[in-house]
Amino acid sequence: MEYREEVSTPRTTLAERKRRLVSDELTESALQLLALKGFDAVTVDEIAAAAGVSKRTFFRYFASKEDVVVQFLADMGTGIRAELAARPAAELPSVALRHAVWVPLGACADHGERALRVVRLILRTPALLARFLERQARWRDDLARELAERLGRDAERDLYPRLAAGMALDAFDAVLHHWSADGSTETPAELTDRAFAVIAPALDGSRTP
């Protein structure tokens, strides 16, 4: 499952591109092995072998197998904030935030069962779930600052940016939980539409001071 898109610019050196490719391959191999066999059952040796690199190479990129997942989560948060920053300035907050959280959710939808296994791994492994929630707290702060800047408001003094960011991430979290539940038949897109239909009135009706 590959969620990151490599963007090559004149400033990107061959070494940097190679490093990203190796990192992506390690991430892909690790996430799929962990999802298939369970977090505790997979060793770093197995991840390195699946990626076609040495154990030593693995440790050049990640301190542990948990760090692979943590970096994956960090990249998800970066994608959410970048999408919010790119949305048209006049767009309603509910629309802009829906597009922002759809970045990782859309990737999940595109990768189907492979993504579903990874989501279940994260949500059902206590250590990984704790790191996921920790990362979401950082995403909330980042989104609140970005939203405040879009609306010309003070992220520290105004309640709206932080509350709005929290609602968007709660919707994101609810979609993942419902989608990954045993027996669920709804798609991420359907669930996202339902979740934002619930919170849109609060997001858009409370955006003015």
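Attention here is on the structure that accompanies the text. (Residues numbered from 1 in each chain as written. Predicted model: local features only at pLDDT ≥ 70, side-chain atom pairs only at ≥ 80, totals over all residues. Heavy atoms only, no water.)

## Comments concerning the pattern of salt bridges
Side chains that carry opposite charge are capable of pairing whenever their charged atoms lie near each other.
Then comes step 1: Tallying each qualifying case throughout the model produces 18 salt bridges.
Then comes step 2: Among the salt bridges present, the one from Lys55 reaches Asp45, with a minimum N-O distance of 3.9 Å. Of this pair, Lys55 sits in helix α3 (residues 55-61) while Asp45 sits in helix α2 (residues 44-51); the two residues are 10 residues apart in sequence, bridging distant segments of the chain.
Then comes step 3: Across the pair Asp193 and Arg98 runs a salt bridge whose closest N-O atoms are separated by 2.5 Å. Taken as a pair, Asp193 in helix α8 (residues 188-205) and Arg98 in helix α5 (residues 93-124) lie far apart in primary sequence, 95 residues in all.
Then comes step 4: The partly exposed category is assigned to Arg98, whose relative accessible area is 21%.
Then comes step 5: Three or more residues are tied together by salt bridges with common partners; here these are Glu66, Arg131, Glu134 and Arg138. (Salt bridge = Lys/Arg side-chain N within 4 Å of Asp/Glu carboxyl O. Helix = DSSP H or I, 4+ residues; strand = E, 2+ residues; numbered from the N terminus. Buried < 20%, exposed > 50% of the residue type's maximum accessible area, 1.4 Å probe, protein only.)

## Some words on the packing of aromatic side chains
Then comes step 1: Across all of its chains, the model carries 5 aromatic pairs by this definition.
Then comes step 2: With centroids separated by 5.8 Å and ring planes inclined at 45°, the aromatic side chains of Phe58 and Phe62 adopt a geometry described as tilted. No difference in accessibility class separates Phe58 from Phe62, as the two residues are buried.
Then comes step 3: When the ring of Trp139 is compared with that of Phe172, the centres are 5.8 Å apart and the planes differ by 65°; the resulting orientation is edge-to-face. Here the residue Trp139 occupies a position in helix α6 (residues 126-151), and Phe172 occupies one in helix α7 (residues 159-180), the gap between them amounting to 33 residues. (Phe/Tyr/Trp six-rings, centres within 6.5 Å; stacked < 30°, edge-to-face > 60°.)

## Some words on the environment of Leu151
Then comes step 1: Take Leu151: it is sitting in helix α6.
Then comes step 2: Each C-alpha atom of the pair Leu151 and Pro201 lies 17 Å from the other, and the pair is 50 residues apart in sequence.

## Examining the environment of Ala148
Then comes step 1: You can see Ala148 is positioned in helix α6.
Then comes step 2: Placed 36 residues apart in sequence, Ala148 and Ser184 show a C-alpha to C-alpha distance of 36 Å.
Then comes step 3: With residues near it in sequence (within four places) discarded, Ala148 still touches Arg153, Asp154, Ala155 and Pro161. (Contact = heavy atoms within 4.5 Å.)

## Details of the packing of α5 against α7
Then comes step 1: Orientation of α5 relative to α7, taken along the N-to-C sense of each, is 30°, at an axis distance of 9 Å. In this structure, α5 crosses over α7, and the sense of that crossing is right-handed. (Axes fitted to C-alpha atoms, helices over the stretch in contact; angles between N-to-C directions. Left-handed = near helix turned anticlockwise from the far one by under 90°.)

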